[in-house]
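# Notes for the structure review
Spelled out, the chains give:
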Amino acid sequence: METLYRRLLKLMPRVGVQVTDLGPGTAVVSRRGGRVRTPLGPGTDLLSRDGRYKVTSAAQDAWIVARDKKGASGGRLRDVPLGDTGARLLVDGAAGTDERKLQLAAAEYLCHQHVAAMLDFYGVNCVFDVGANTGQYAKRLRRLGYKGRIVSFEPTAETFARLAKAAEKDPEWRVYQLGLGSEDTVSSIHVGWKTMNSLLPPSEYGRDRYQRFATTRTEEIQIRRLDGVMEKALDGIDDPRPFLKMDTQGYDLEVFAGAGERIADFVGMQSEVAVLRLYEGSPEMNDAIATYEKSGFGITGMYPVTREAATGRVVEFDCVLMRAGAAPATD
């Protein structure tokens, strides 16, 4: 026998109300067109106005819903388990059309996750962010959960203004308008190259690769040694455990040299090392890594940053290194 509830639902369309019946005792009513019901699992449904969605199961009782537009996923999302970690990667079928972009994006993500994990594992409480640009690295650390002090160095006036603005509401993020190097001095930096401003001129290879190197202007900046700014940067931190991040467009070894004997204070570091040199006078990757290893650091991760489109060769790596003796004791 039909219930009163069911009879009322049948009357709804006559007064301009659309009904989507979900089962005993449950229905959705709407004045703006009907709904398409897509079952996801026992007791779970997706309701949409136009039905132009594809659903991919991500795990038990979890789904990814994506609009099926022409040229977009087309329902070709692939669920890829990442070993036995329990993590799963959802890949749009269109992503495979450009392997380089997919690989570099994955490497960037993995590098950030690895750095965050190392900061936590080694108990880092101060990150020296050298070559901070507008604060991208520091903001990423905050998003990944790092709550310790960040000390950012950026020498150029226009970029530093944006960095200072980014840091103004974060009491544990300090910023200095300085470049770091092997000696205290004043020098000229090439500017107008966006995130690639450098104290070094471009190499022939660099000029061929990047049009931005075709024109330049210079700006006079202050350069200080790292060991000369550490006391102020670490002031107020009990038992400092600093980490050094360098991204100075070919100048990382000069920054490293400026730490002198105090490089032993750092429990870890990150440096952008070049396989194919973009700047005249920048060190080769092997020389840079040998210098870091000689000072007691060991590689924990290397991630490609850029590649040549024509050959697939890696141009630069982000190299993460930690001091094994600073690792916490484990049972």
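Residues numbered from 1 in each chain as written. Predicted model: local features only at pLDDT ≥ 70, side-chain atom pairs only at ≥ 80, totals over all residues. Heavy atoms only, no water.

### Some words on the overall build of the protein
The number of helices and strands found in the protein is 8 helices and 18 strands. With 331 residues in all, the protein has 40% of them scored as buried. When contacts within the protein are restricted to residue pairs at least 6 apart in sequence, long-range pairs at least 24 apart make up 57% of them. Accessible surface, the protein: about 18,500 Å² in total, of which carbon and sulfur atoms supply 50%. (Helix = DSSP H or I, 4+ residues; strand = E, 2+ residues; numbered from the N terminus. Buried < 20%, exposed > 50% of the residue type's maximum accessible area, 1.4 Å probe, protein only. Contact = heavy atoms within 4.5 Å. Areas by Shrake-Rupley, 256 points an atom, 1.4 Å probe, with all protein chains shown as cover.)

### Here we look at helix 4 (residues 157-167)
Of all the positions in helix 4, only Thr-159, Phe-160, Leu-163 and Ala-167 are classed as buried. Down the axis of helix 4, the buried set is contained in an arc of 100 degrees. They therefore lie on one face. Turned more than 90 degrees away from the buried face of helix 4 sit Glu-158, Arg-162 and Lys-165, all of them exposed. As for helix 4, its buried residues are in contact with strand 10 (149-153) and strand 11 (173-176). (Arc of directions from axis to C-beta.)

### Some thoughts on the nonpolar core
Grouped together as the largest cluster of nonpolar side chains are 48 residues, with contacts concentrated most on Phe-128, Phe-153, Leu-226, Leu-244 and Tyr-292. Examining the composition of this core, we find that 5 residues originate from one element, strand 18 (residues 314-322), more than from any other. Other than its neighbours up to four places away in sequence, Phe-153 contacts Phe-128, Asp-129, Val-130, Gly-131, Ala-132, Tyr-176, Leu-178, Leu-180 and Val-229. Counting residues in each nonpolar core, the second largest holds 24 residues, with Met-118, Leu-119, Ala-138 and Phe-160 among its members. (Core = buried A, V, L, I, M, F, W, Y, C linked by side-chain atoms within 4.5 Å.)

### So, the environment of Pro-202
As for its placement among the helices and strands, Pro-202 is situated in the loop between strand 13 (185-191) and helix 5 (204-209). Expressed as a C-alpha distance, the spacing of Pro-202 and Phe-213, which sit 11 residues apart in the sequence, is 6.7 Å. Here Pro-202 is in contact with Trp-193, Arg-207, Phe-213, Leu-278, Tyr-279 and Glu-280, once residues within four sequence places are set aside.

### Section: helix 3 (residues 136-143)
Looking only at helix 3, the buried set comprises Tyr-137, Ala-138, Arg-140 and Leu-141. Axial view of helix 3: buried residues confined to an arc of 160 degrees, hence all on one face. Positive backbone phi, at 100 degrees, marks Gly-145, one or two positions downstream of helix 3.

### Digging into the pattern of salt bridges
Counting across every chain of the model gives 10 salt bridges. One salt bridge in this structure joins Arg-262 and Asp-265, with 2.8 Å as the shortest N-O distance. In this structure Arg-262 comes out as partly exposed when scored by relative accessible area, which is 23%. Sharing partners across several salt bridges, the network here consists of Glu-231, Arg-262 and Asp-265. (Salt bridge = Lys/Arg side-chain N within 4 Å of Asp/Glu carboxyl O.)

### Notes on the side chain of Arg-149
Within the fold, Arg-149 resides in strand 10. Overall, Arg-149 belongs to the buried group, its relative accessible area being 6%. A polar atom in the side chain of Arg-149 sits 2.7 Å from the backbone oxygen of Ala-233. Ignoring any residue separated from it by four or fewer positions in sequence, one finds Arg-149 in contact with Asn-125, Cys-126, Val-127, Glu-172, Arg-174, Ala-233, Leu-234, Asp-235 and Ile-237. (Polar contact = N/O pair within 3.5 Å; in protein donor to acceptor, adjacent residues only side chain to side chain.)

### Observations regarding the environment of Arg-224
Among the structural elements, Arg-224 can be located in strand 14 (residues 217-225). Measuring from C-alpha to C-alpha, the distance between Arg-224 and Ser-182 comes to 7.6 Å, with 42 residues separating the pair along the chain. Dropping the residues within four chain positions of it, Arg-224 is found in contact with Leu-178, Gly-179, Leu-180, Gly-181, Glu-183, Asp-184 and Val-229. Reaching out from Arg-224, the side chain makes a polar contact with the backbone oxygen of Gly-228 at a distance of 3.5 Å.

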